[in-house]
Amino acid sequence: MDDPFDAGAGSILRQPKAVWATAGASVVAFMGIGLVDPILPSIAKGLDATAGQVSLLFTSYFLITAVAMLFTGFVSSRIGGRRTLLLGLAFVVVFAGLAGTSDTVGQLVGFRAGWGLGNALFVSTALAVIVGAAAGGSAAAILLYESALGLGMACGPLLGAVLGNISWRYPFFGTATLMAIGFLCITAFLKEQPKPARKTSVLDPVRALGHGGLASAAASAFFYNYTFFTVLAFTPFVLNMTPYRSGAVFFAWGVLLALFSVVVAPRMQRRFGSLKVLGGSLVLLAADVLVLGYGDHTTAVVCTILSGAFIGVNNTVYTELALGVSDAPRPVASAGYNFVRWFAAAAAPYFAPKIEEWSDIHIPFVVAAVTAVLGAVVVLVRRNALTHDAERLEPRHATEDGVTVFAN
């Protein structure tokens, strides 16, 4: 396999301006996911809200994202990838800016929902646009997309900490400004992508879930995402640190996520196979989360950072399963997959604080460990369908039938 970081023609480093503009905007889009992490306690204090109420910032964001996955392919197959990107960016600019003006937690949660719609339109289209415009083939393009994801997840908490230390409102204004710059760059450098020959219907992604391999990947990812977003949305309250310290913890977490997603995971897959790597990583993530929940403060910090490694590996493997396991067009398959898994990202931030109220602070992490194990069980039980279907399908171009609907 050629090294995608080699400086040759297939390198992810030698790309047109349109690709870099889209990848740069993708970094900011993914920054928005972890941006509020280090300032969740500050938001709760500033708006006189509980941890459960503030966690709804994630729930509203990802609930809208999940539902929007059924519509992003419908929209992009009609107006084209470039216009869909710009529409998504415009939503983020408006609603991120409005979020910074909120006077109540209810307003902030509502504006985050609008932000989630914009982010869904953007990130669901970005991979296909990058693949369509990139030099060096789809492998280099997907790796560039994963690099943008990792960088965004790492820098989001850092930006949130730096700006949030001044005021919890500033990270929202900062995101709106950066996304406005991304809007201008894509307007200037990205040409319109060809529209697909066949328009996508709203129900196509649901029908695609009738495929056993895709349904299994989505079910496993659903359980995994509950664990992932318990760590992301609930752990800041457990650590109870200043924005700077919390931001540093999640920056280190994001660096490991990026490193293991882009560099380590592909090498492990080549050596051990995707399903073995995924199953093992899910079990290790479960153990890590369990220790996080029962350890002292230092142990919790270490386990939070370490979870980024397992999450990075899982993200990469799930991406490949979603894009290659079924015989449905990739945009349709990935829309159905994301429709299922993002519901768990919406559920975890809501239920983790509730579970703490009903029991104690340890039990939310026990539940998160169990869901990670359940994800591994699905992979084990359904390994024949996942392996057989993934291996028998020839790779298809990510934009052959339209815009890939995938958001990590």
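Worth saying up front: this structure is predicted, and the values here are computed from it rather than measured.

Criteria and thresholds
Per-chain numbering applies: the sequence of each chain, read as written, is numbered from 1 onward. Local features are withheld for residues below a pLDDT of 70 in this predicted model, meaning they are given only at 70 or higher, and side-chain atom pairs are given and counted only at 80 or more; totals for whole chains, interfaces and linings count all residues. Excluding hydrogens and water, the side-chain values take into account all heavy atoms of the structure. Strands here are runs of E lasting at least two residues and helices are runs of H or I lasting at least four, both read from the DSSP assignment and numbered beginning at the N terminus. By the convention used here, residues are in contact when the closest approach between their heavy atoms is within 4.5 Å. In short, Shrake-Rupley with a 1.4 Å probe defines the accessible areas, and a residue's cover is counted only from the protein chains shown. Given the number of residues in a helix, its expected span is that number minus one, multiplied by 1.5 Å. The classification of residues rests on relative accessible area computed with a 1.4 Å probe and restricted to protein chains. Under 20% of the type maximum is buried, over 50% is exposed, and intermediate values are partly exposed. Identification of polar contacts relies on pairs of N or O atoms within 3.5 Å, with a donor-acceptor requirement for protein atoms, meaning one able to donate a hydrogen and the other able to accept it, and with residues adjacent in sequence counted only if both atoms are side-chain atoms. Within this scheme, the nonpolar core is defined by two criteria: the residues are buried Ala, Val, Leu, Ile, Met, Phe, Trp, Tyr or Cys, and they are joined through side-chain atoms within 4.5 Å. Note on patches: the residues involved have over 30% relative accessible area and no salt bridge, like charges join within 9 Å, and the nonpolar side chains Val, Leu, Ile, Met, Phe, Trp and Tyr join within 5 Å. Any Lys or Arg side-chain nitrogen found within 4 Å of a carboxyl oxygen on Asp or Glu counts as a salt bridge. Every axis in this analysis is a line fitted to C-alpha atoms, fitted for helices over the stretch in contact. Angles between the N-to-C directions lie between 0 and 180 degrees. Our angle categories are set so that under 35 degrees counts as roughly parallel, over 145 as roughly antiparallel, 65 to 115 as roughly perpendicular, and the remainder as oblique. Handedness of a crossing is defined here by the sense of rotation of the near helix relative to the far one, left-handed for an anticlockwise turn of less than a right angle and right-handed for a clockwise turn. Asp, Glu, Lys and Arg are counted as charged, while Ala, Val, Leu, Ile, Met, Phe, Trp, Tyr, Cys and Pro are counted as nonpolar; the rest, among them Gly, fall into the polar class.

> So what exactly am I meant to see when it comes to the overall build of the chain here?
Each helix and strand counted, the chain has 15 helices and 0 strands in total. Considering only intrachain contacts with a sequence separation of at least 6, the fraction spanning at least 24 residues in the chain is 86%. Accessible surface computed for the chain: about 15,300 Å², of which carbon and sulfur atoms make up 66%.

> Can you walk me through helix α14 (residues 363-381) in this structure?
Because each turn of an α-helix spans 3.6 residues, side chains separated by three or four positions end up pointing in the same direction. With 19 residues, α14 extends 27 Å between its outermost C-alpha atoms, agreeing within 8% with the 27 Å of an ideal straight helix rising 1.5 Å per residue. Of all the positions in α14, only Pro364, Phe365, Ala368, Ala369, Thr371, Ala372, Gly375, Ala376, Val378 and Val379 are classed as buried.

> Quick question: what am I supposed to make of the side chain of Thr227 here?
Within the secondary structure layout, Thr227 lies in helix α9 (residues 212-239). At a separation of 2.7 Å, a polar atom in the side chain of Thr227 contacts the side chain of Thr371. Once residues lying within four places of it in the same chain are set aside, the contact partners of Thr227 are Leu285, Val289, Ala368, Thr371 and Ala372.

> How do you make sense of the nonpolar core when you look at a structure like this?
Ile43, Phe62, Phe122, Phe172, Ile186, Phe229 and Trp253 are the most contacted members of the largest nonpolar core, which totals 117 residues. Per-element tally for this core: the top contributor is α9, with 14 residues. Apart from the residues lying within four places of it in its own chain, the contact partners of Ile186 are Ala21, Thr22, Ala25, Arg82, Leu85, Leu86, Leu89 and Phe122.

> Would you mind showing me how to read a nonpolar patch on the surface here?
Together, Leu158, Val162, Tyr244, Phe251 and Val255 line one region of the surface with nonpolar side chains, adding up to about 400 Å² of accessible area. The set of elements that each furnish at least two residues to the nonpolar patch consists of α6 (137-164) and α10 (243-272). If you trace the backbone, Phe251 turns up in helix α10. You can call Phe251 partly exposed: its relative accessible area is 30%.

> What is the right way to read the packing of α9 against α14 from this model?
Between two packed helices, what matters for the description is the angle formed by their axes and the separation of those axes. Contact geometry of α9 with α14 gives a least axis separation of 8 Å together with a crossing angle of 160°. Considering their axes alone, α9 and α14 lie roughly antiparallel with respect to each other. Where α9 crosses over α14, the two elements pack in a sense that is left-handed. Two secondary-structure elements touch here, α9 through Ser216, Ala219, Ser220, Phe223, Tyr224, Tyr226, Thr227, Thr230, Phe234, Thr235 and Val238 and α14 through Pro364, Phe365, Val367, Ala368, Thr371, Ala372, Leu374, Gly375, Val378 and Val379. Partitioned by chemical class, the residues of the contact of α9 with α14 number 14 nonpolar, 7 polar and no charged.

> What am I meant to see in the pattern of salt bridges here?
Charged atoms that come close allow side chains of opposite charge to pair. Under the criterion given, the structure shown has 2 salt bridges. Arg169 is the salt-bridge partner of Asp103, the closest N and O atoms lying 4.0 Å from each other. Remark: Arg169 occurs in the loop between α6 and α7 (170-189) and Asp103 occurs in the loop between α4 (81-99) and α5 (105-133); sequence separation between them is 66 residues. We classify Asp103 as exposed; its relative accessible area is 57%. A salt bridge links Asp204 to Arg207, with the shortest nitrogen-to-oxygen separation between them at 2.9 Å. Taken as a pair, Asp204 and Arg207 lie in helix α8 (residues 204-208) at a separation of 3 residues, close to a single helical turn. Judged by its relative accessible area of 55%, Arg207 falls in the exposed class.

> It is not clear to me how the packing of α9 against α10 should be interpreted in this structure. Could you clarify?
It is the contact of α9 with α10, at a shortest axis distance of 11 Å, that shows an interaxial angle of 155°. Considering the angle they form, α9 stands roughly antiparallel to α10. Our pair here, α9 against α10, has a crossing hand that is right-handed. Judged by residue contacts, Phe228, Val231, Leu232, Thr235, Pro236 and Leu239 of α9 engage Val249, Phe250 and Trp253 from α10.

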